[in-house]
Amino acid sequence: MSAASRDTEAEAGSGLRLAAGLDWLDPLLDHLLATVRGHATLLHGAPGDGTHDLAWRLGQAWLCEDRHPGVRRPCGVCGSCRLFRQATHPDLHALLPEERALERGWPVEIKAGRKPSRQIRVDDVRAVIDGLSRTSGRGVGKVLVILPAEAMNAVAASALLKTLEEPPAGTRIVLAAAEPARLLPTILSRCQQVRVPTPPAEQALRWLAGQGVDQAAVLLQAAGGHPLEALALQASGIAAARWLSLPRQLAEGDPAALAGWAPPAMLEALGKLCHDAMALAAGGGPRFFAQAEWPGGLELRRLLSWQRSLQAFARHAEHPWNEALLADALAREAHEALRAPRRAASGPGAPA
Ligand SMILES: [Zn+2]
């Protein structure tokens, strides 16, 4: 079976929403299937490189029921793979924040009037442990997917320790984390850690072109080389042309420069812009906005003060901002940091 068939049902309307065609993950998936022996595997990598999608696929492959030699698992077509994709497999368990569950198409019940949680809560952990203690529905084993593992608070993580060490018979656990250093050492010591690499730019660009992304190189650079993040930028309305015009628009004080962006996206973009402006002011090259039109006369002193202010905003990124007021305030600050320097008075009396 070819690698492409792994994505057979990737575009199905209902059920789990997984990204299709992430072929840079195939060799690692094959390697994991051939070598993983422990109960718990921790995938260490950026979500923008497909790390979360790999975690789901690994779980799907463990449950896949096509055991014919030469078949690349997950086969995508057996009964188990179908149930997996519909998120109705009786032996598939998952822990993810409610907000992420909704994005992924993983079933969650959220009481009316309550906002979806951004954390994995201890009650969720207890419910999953209870589910894992029951007999396997299809007899192939049980799988628990946890992502991002950093979303477990200390209480939730502690509740999971015993299961990580000694899971119920036939259970395999896969976790994903961008920053394993933020996990409890007791969690880390119970997992086999595997690094998920960023794909080579050429492969990432091919995938982005296949997703209909215009000027994929600009957005891939904007996303620091992480292709799924580049696709998300375009999906959030930040096209390449808009990205490239951002430094000049802000330097010129265009009040509409940030209009329509969600606060986290605004703060992320401005952080990258500030990083690049400081690199340029210090005589280096930009990293995220290489092809952009840059204003002249960048001054490190003004950029440093802008950076401090952005860091203060970023600490409150989840605050329920009024988006229009925030966009306006941030655009004014950016203008002050990026505008051309005010000329000293010149004329007959001015010093030479
Ligand atoms: Zn299968």
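Worth saying up front: this structure is predicted, and the values here are computed from it rather than measured. (Residues numbered from 1 in each chain as written. Predicted model: local features only at pLDDT ≥ 70, side-chain atom pairs only at ≥ 80, totals over all residues. Heavy atoms only, no water.)

### Concerning the sheet that holds strand β2 (residues 92–95)
Step number 1: Reading across from one edge, β2-β3-β4-β1-β5 is the order of the five strands in this open sheet, with parallel pairing throughout. Because the sheet does not close on itself, it has two edges, and the strands there are β2 and β5 (192–195). Strand-to-strand twist of the sheet, defined as the mean angle between neighbouring strand axes without regard to direction, takes the value 20°.
Step number 2: Pairing of strand β3 (residues 142–146) with strand β4 (residues 171–177), which is carried by five bridges, proceeds in the parallel orientation. Note on β4: the bridge partner recorded for V143 is R172.
Step number 3: Lying on the sheet, helix α2 (residues 51–63) is in contact with β1 (40–44), β2, β3 and β4; it crosses β4 at an angle near 170°.
Step number 4: With respect to the sheet, helix α5 (residues 122–132) is in contact with β2, β3 and β4, its orientation differing from that of β2 by roughly 165°. (Pairing = 2+ DSSP bridges. Helix = DSSP H or I, 4+ residues; strand = E, 2+ residues; numbered from the N terminus. Axes fitted to C-alpha atoms, helices over the stretch in contact; angles between N-to-C directions. Contact = heavy atoms within 4.5 Å.)

### Structural notes on the packing of aromatic side chains
Step number 1: Under the defined criterion, the tally for this structure stands at six aromatic pairs.
Step number 2: Taking the centre distance of 6.4 Å and the plane angle of 80° together, the rings of W56 and F84 count as edge-to-face. One end of the pair, W56, is in helix α2; the other, F84, is in helix α3 (residues 79–85), and 28 residues separate them in sequence. (Phe/Tyr/Trp six-rings, centres within 6.5 Å; stacked < 30°, edge-to-face > 60°.)

### What to know about the coordination of the zinc ion
Step number 1: Coordination of the zinc ion by the protein is provided by C64 (SG), C75 (SG), C78 (SG) and C81 (SG), with metal-donor distances spanning 2.3 to 2.4 Å.
Step number 2: Of note is the zinc ion, whose four donor atoms meet at the metal with angles of 103 to 116° in an arrangement that counts as tetrahedral.
Step number 3: Each donor residue of the zinc ion lies on one chain, and together they are spaced C-x10-C-x2-C-x2-C. Of this pair, C64 sits in the loop between α2 and α3 while C78 sits in the loop between α2 and α3, and the two are 14 residues apart along the sequence. Neither C64 nor C78 differs from the other in exposure class; each is buried. (Donors = N, O, S within 2.8 Å, 3.2 Å for Na, K, Ca; no water. Tetrahedral: all angles 85-135°; square planar, octahedral: opposite > 155°, others 65-115°. Buried < 20%, exposed > 50% of the residue type's maximum accessible area, 1.4 Å probe, protein only.)

### Considerations on the pattern of salt bridges
Step number 1: In this structure the tally under the stated criterion is 20 salt bridges.
Step number 2: For R104, the salt bridge goes to D53, with nearest N and O atoms at 3.1 Å. Separated by 51 residues along the polypeptide, R104 in helix α4 (residues 98–104) and D53 in helix α2 bring together distant segments of the chain.
Step number 3: Residue R104 is classed as buried on the basis of its relative accessible area of 15%.
Step number 4: Using a relative accessible area of 2% as the deciding quantity, one classes D53 as buried.
Step number 5: A salt bridge links R121 to E98; the shortest N-O distance between them is 3.0 Å. Within this pair, whereas R121 is found in the loop between α4 and α5, its partner E98 is found in helix α4, the two being separated by 23 residues in sequence. (Salt bridge = Lys/Arg side-chain N within 4 Å of Asp/Glu carboxyl O.)

### A short note on the packing of helix α1 (residues 26–35) against α2
Step number 1: As a packed pair, α1 and α2 sit with axes 11 Å apart at the nearest point and diverge in direction by 45°. By the angle between their axes, α1 is oblique relative to α2. For the pair α1 and α2, the sense of crossing is right-handed. For the pair α1 and α2, the contacting residues are L28, L29, L32 and L33 in the first and L54, R57, L58, A61 and W62 in the second.
Step number 2: Looking at the contact of α1 with α2 residue by residue, the class counts come to eight nonpolar, no polar and one charged. (Parallel < 35°, antiparallel > 145°, perpendicular 65-115°, else oblique. Left-handed = near helix turned anticlockwise from the far one by under 90°. Nonpolar A, V, L, I, M, F, W, Y, C, P; charged D, E, K, R; others polar.)

### So, the environment of Q211
Step number 1: For Q211, the location among the structural elements is in the loop between α8 (201–210) and α9 (216–222).
Step number 2: Excluding residues within four positions of it along the chain, Q211 makes contact with A20 and L231.

### Some thoughts on the layout of surface pockets
Step number 1: Its boundaries defined by the atoms lining it, the second largest pocket holds a volume of some 540 Å³.
Step number 2: Lining the second largest pocket are 19 residues, and of these A94, W106, P107, V108 and D124 lie nearest its centre.
Step number 3: Every element with two or more residues in the lining of the second largest pocket is listed here: β2 and α5. (1 Å grid on protein atoms, 1.4 Å probe; cavity = no way out; pocket = protein on both sides within 12 Å on 5 of 7 lines; lining within 4 Å. Points joined across faces, edges and corners; volume = space filled by probe spheres on them.)

### Description of the confidence of the model for the protein chain
Step number 1: Chain-level pLDDT for the protein chain is 90 on average; 94% of the residues reach the 70-or-more range.
Step number 2: The low-confidence segment residues 1–5, where pLDDT is below 50, has seven contacts with residues more than four positions distant or belonging to other chains. (pLDDT = per-residue confidence, 0-100.)

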